[in-house]
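Below are the chains, spelled out letter by letter.
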Amino acid sequence: MEKDARPSWDSPVQFLLACVSYAVGLGNVWRFPYLCQMHGGGGFLIPYLIMLFLEGIPLFYMELAIGQKMRQGSIGAWTAISPYLGGLGLASVVTSLYLCLYYNIINAWSFWYLFHSFQSVLPWAECPINSNMTGPIEECEKASPTQYFFYRETLDISSSIEENGGIHHGQALCLLLAWVMTYLFIIRGVKSTGKVVYFTATFPYVVLVVYLIRGMTLHGAVNGVKYMFTPKMEELANPNTWVNAATQIFFSLGLGFGSLIAFASYNNYHNNFERQAIIVSLINSGTSIFASIVTFAIYGFKATVNYENCLERTRILLLNAFNMAEDSITMDNVLEWIDKLNATYPEQFTEIASKLENCDLQSELDNAVEGTGLAFILYSEAIKNMPLSQLWSVLYFFMLLLLGMGSMLGNVTAIITPLQDFKFASRCSSELFNGLVCLFCLLLGLGFTTTSGNYWFAIFNEYGATFSLLFIVLIEVITVSYIYGIKRFEKDIEDMLGHPPNWYWKIMWAATSPILLIVIFIFYIVNYIQGGTPTYQAWNKELGKSVVTEYPVFGQVFIGLLIVSAVSCVPLTALYVFCRKRTHGRRQTVSKVSA
């Protein structure tokens, strides 16, 4: 465990901001609000905060300690602990590679939407006219302008994963731009990354504050915020609530990718990473809650607008059907008039009953959306209804871009740092090696810009990291606690900080966190088996909506390969080291006999 000369952060603040920029990402904006909505609003905060202290902070602390002590990337750090564990670092690199391949396509979409925001009328505000100039395009009419812009204009999506077409040139250029930006951010390694994080870690908060102020002034915003903070305590009895809380903490902090180990390896040996682990974890969770307030304000606005539009359509239907005066039915009493007219004119009412919509504000608020559906469709729909919509669109997608780029710095560093610890990579200049990694990822990532690319994106997003990360972090915490040893790890921390970790950290590492990870791991496997054939959302342009479709055989095989390729690094590397040592031992025995 040598303390070799190594590039380092200019200050502890740079390291702190790099961790914040990496950990605070798109999941805080589009995943956490969805889980809140799905699991009882404010009630979800209880298991979430409990899991933060039982799992999130201790494991975050552990990875920073390993990186700072070993002063190497993930492969070198775990090899230093035991040559048989080098595959653990390799598994982290493979998983980070998968993440880099598909994560930057989200940044490409952000660029696409950002560029399209500079128009007098936002292109997703209304349906385009068909080629005959007789009306809107049918697909757009059946869906919505925001869905049409995302699925047709942005993705030009095919009807299934089996139908492939050419590359979307606009998306390919946006992806190229995203990778050029990523390369410029990491061109000189930690030296250039350290400068960039001052902006990528702080500016999104400026936008969120501006959005909070604007969001809370929107009509109906209070309905959304009230919905968020009204707990449904019965959800606490649902095991899925606790598992999702633990999983969200786990992925939100970016554990297992090797990024935290890589970042910490550039620290001063006596840097106080304990305090930084607590600060970053609390900032990350605080940001999730803060972003949820903003999101639920937008939810409330959109739900209220949809609810009032529904009431207005119902009001007009009743006025026309019963030849009533314009001012006789208002938005406030339309539901009362439905009951009254049904009781007074039952036969006439029956004729229009099939046309009546069920207008319910609560059901509008219950309509949970996550991922790209939230970030690029729901938000776009809300933005188009705001005054000065272009301004709010530019601010939102610029914030989304910075959140994505900030996370990409950590994702790419998790690949570059471990590889540069090898002699073959260290012979190249940092600029050349980093450029080759970015070029390699760009070329592979072009597959996501094809017409079926979004379906492959869904595979990588759902299966590329989940199982493998659970496996990686479980092996990490077992290794530190029972192979490297808690007492030895405790002495290392005391050597760096000047004091040993207290009882809380040791209990979490030795018992609580491993048990929680095992439970989540088993739960994930059982859910996967019980789920049957994996499915995806295929876009049906005739219906104007997504339909659940089973993956074809080649898709299922690819999912299996994706999962196995990362996880198998651990046993295969251990087997390779074992065979190599055995062969080396035999050679030594033969040479002694010959002598």
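Model, not experiment: these values are computed from the prediction.

Engineer: What am I meant to see in the overall build of the protein chain here?
Structural biologist: Regarding its fold elements, the protein chain presents 27 helices and 2 strands. Taking 595 residues into account, the globule formula puts the C-alpha radius of gyration at 25 Å, and the protein chain, at 27 Å, falls close to it. By its C-alpha atoms, the protein chain is 110 × 55 × 45 Å across when sized along the principal axes. Relative to its full complement of 595 residues, the protein chain shows a buried share of 55%. Contacts in the protein chain between residues at least 24 apart in sequence constitute 82% of all its contacts with a sequence separation of at least 6. Within the structure as shown, the protein chain displays about 25,400 Å² of accessible surface, and the carbon and sulfur contribution to it stands at 62%. Distance between charge centres in the protein chain, computed from 34 positive and 41 negative side chains, equals 18 Å.

Engineer: Would you take a moment to explain the pairing of strand 2 (residues 545-550) for this structure?
Structural biologist: Each regular strand carries side chains that alternate between the two faces of the sheet. Relative to strand 2, strand 1 (residues 535-540) is paired through 6 bridges, and the arrangement is antiparallel. Its bridge partner lying in strand 2, Tyr536 is registered against Thr549. Remark: 4 residues form the turn of the hairpin made by strand 1 and strand 2, two consecutive strands paired antiparallel; Gly544 in that turn has positive phi of roughly 70 degrees.

Engineer: In this structure, what is going on with helix 9 (residues 169-186)? I would like to understand it.
Structural biologist: Residues lying three or four places apart along an α-helix face the same way, a consequence of the helix completing one turn every 3.6 residues. In a regular helix each residue adds 1.5 Å, so 18 residues correspond to 26 Å; helix 9 covers 26 Å between its end C-alpha atoms and thus fits that length. Along helix 9, the positions that sit buried rather than exposed are Gln171, Ala172, Cys174, Leu175, Ala178, Trp179, Thr182, Phe185 and Ile186. Projected onto a plane normal to the axis of helix 9, the buried residues spread over an arc of 165 degrees and lie on a single side. Turned more than 90 degrees away from the buried face of helix 9 sit His169 and Leu173, all of them exposed. Along its buried surface, helix 9 packs onto helix 6 (86-116), helix 8 (145-154), helix 10 (190-200), helix 20 (389-420) and helix 22 (430-445).

Engineer: How should I be thinking about the pattern of salt bridges in this particular structure?
Structural biologist: Oppositely charged side chains can form a pair if their charged atoms are brought close together. Taken as a whole, this structure holds 8 salt bridges when the rule is applied. For Asp156, the salt bridge identified is with Arg152, shortest N-O distance 3.2 Å. The shortest N-O distance in the salt bridge between Glu490 and Lys506 comes to 3.4 Å. Of this pair, Glu490 sits in helix 24 (residues 466-497) while Lys506 sits in helix 25 (residues 503-530), placing them 16 residues apart in sequence. Taking relative accessible area as the criterion, Lys506 reaches 26% and is therefore assigned partly exposed. Counted as one network, the salt bridges with shared partners bring together Lys69, Asp492 and Asp495.

Engineer: Got a minute to help me understand helix 8 in this structure?
Structural biologist: Along helix 8, 8 of the 10 residues are buried, which leaves the element largely enclosed by surrounding structure. Within helix 8, burial applies to Pro145, Thr146, Tyr148, Phe149, Phe150, Tyr151, Arg152 and Thr154. Just past helix 8, the residue Asp156 takes up positive phi, approximately 45 degrees.

Engineer: Explain the environment of Pro33 to me, please; I cannot follow it from the model alone.
Structural biologist: Secondary-structure assignment places Pro33 in helix 3 (residues 32-38). In this structure the C-alpha to C-alpha distance between Pro33 and Asn333, which are 300 residues apart in sequence, comes to 33 Å. Leaving out residues up to four positions away in the same chain, Pro33 has contacts with Asn28, Ser292, Thr295 and Phe296.

Engineer: Please explain a nonpolar patch on the surface as it appears in this structure.
Structural biologist: A surface patch of nonpolar side chains, amounting to about 380 Å² of accessible area, comprises Tyr84, Leu572, Leu575 and Phe578. Note on Phe578: relative accessible area 40%, which makes it partly exposed.

Engineer: Sorry if this is basic, but what is going on with the packing of helix 10 against helix 20 here?
Structural biologist: To describe two helices that pack against each other, one gives the angle between their axes and the distance between the axes. The contact between helix 10 and helix 20 brings their axes to 10 Å, and the two run at 150 degrees. As summarised for this structure, helix 10 and helix 20 are arranged roughly antiparallel, according to the angle between their axes. The interaxial crossing formed by helix 10 with helix 20 has left-handed handedness. Contacts between helix 10 and helix 20 involve Thr193, Val196, Val197, Phe199 and Thr200 on the former and, on the latter, Phe398, Leu402, Gly406 and Leu409. Residue composition of the contact of helix 10 with helix 20, by class: 6 nonpolar, 3 polar and no charged.

Engineer: What should I look at first to understand the state of the cysteines in this one?
Structural biologist: Any covalent bond linking the sulfur atoms of two cysteines counts as a disulfide. A complete count under the given rule lists 2 disulfides for this structure. With its sulfur 2.0 Å from that of its partner, Cys127 forms a disulfide with Cys140. Measuring the twist about the S-S bond at about -85 degrees, one finds the Cys127-Cys140 disulfide to be left-handed. Here Cys127 is found in the loop between helix 6 and helix 7 (138-142), whereas its partner Cys140 is found in helix 7, with 13 residues between them in sequence.

Engineer: Help me understand unusual backbone geometry in this model?
Structural biologist: What is expected of a backbone is that most residues other than glycine have negative phi and most peptide bonds are trans. The phi dihedral of Arg71 is positive, around 55 degrees, even though this residue is not glycine. Inspection of the secondary structure puts Arg71 in the loop between helix 4 (45-70) and helix 5 (74-81). Here Asp156, not a glycine, exhibits a phi torsion of approximately 45 degrees, which is positive. Within the secondary structure, Asp156 sits in the loop between helix 8 and helix 9.

Engineer: Even after reading the chapter, I still don't get the side chain of Ser265, so can you show me in this structure?
Structural biologist: One can find Ser265 in the loop between helix 14 (259-264) and helix 15 (273-322). Under the relative-accessibility criterion, Ser265 is labelled buried at 0%. Separated by 2.6 Å, the side chain of Ser265 and the backbone oxygen of Ala262 make a polar contact. For Ser265, the residues in contact, after removing those within four places along its chain, are Arg6, Gly67, Gln68, Arg71, Gln72 and Thr417.

The rules behind the values
Residues numbered from 1 in each chain as written. Predicted model: local features only at pLDDT ≥ 70, side-chain atom pairs only at ≥ 80, totals over all residues. Heavy atoms only, no water. Helix = DSSP H or I, 4+ residues; strand = E, 2+ residues; numbered from the N terminus. Rg over C-alpha atoms; globule rule 2.2 N^0.38 Å. Buried < 20%, exposed > 50% of the residue type's maximum accessible area, 1.4 Å probe, protein only. Contact = heavy atoms within 4.5 Å. Areas by Shrake-Rupley, 256 points an atom, 1.4 Å probe, with all protein chains shown as cover. Lys, Arg positive; Asp, Glu negative; His and termini not counted. Charge placed at Lys NZ, Arg CZ, Asp CG, Glu CD. Pairing = 2+ DSSP bridges. Expected span 1.5 Å × (residues − 1). Arc of directions from axis to C-beta. Salt bridge = Lys/Arg side-chain N within 4 Å of Asp/Glu carboxyl O. Patch = residues over 30% accessible without salt bridge, like charges linked within 9 Å, V, L, I, M, F, W, Y side chains within 5 Å. Axes fitted to C-alpha atoms, helices over the stretch in contact; angles between N-to-C directions. Parallel < 35°, antiparallel > 145°, perpendicular 65-115°, else oblique. Left-handed = near helix turned anticlockwise from the far one by under 90°. Nonpolar A, V, L, I, M, F, W, Y, C, P; charged D, E, K, R; others polar. Disulfide = S-S within 2.5 Å. Polar contact = N/O pair within 3.5 Å; in protein donor to acceptor, adjacent residues only side chain to side chain.

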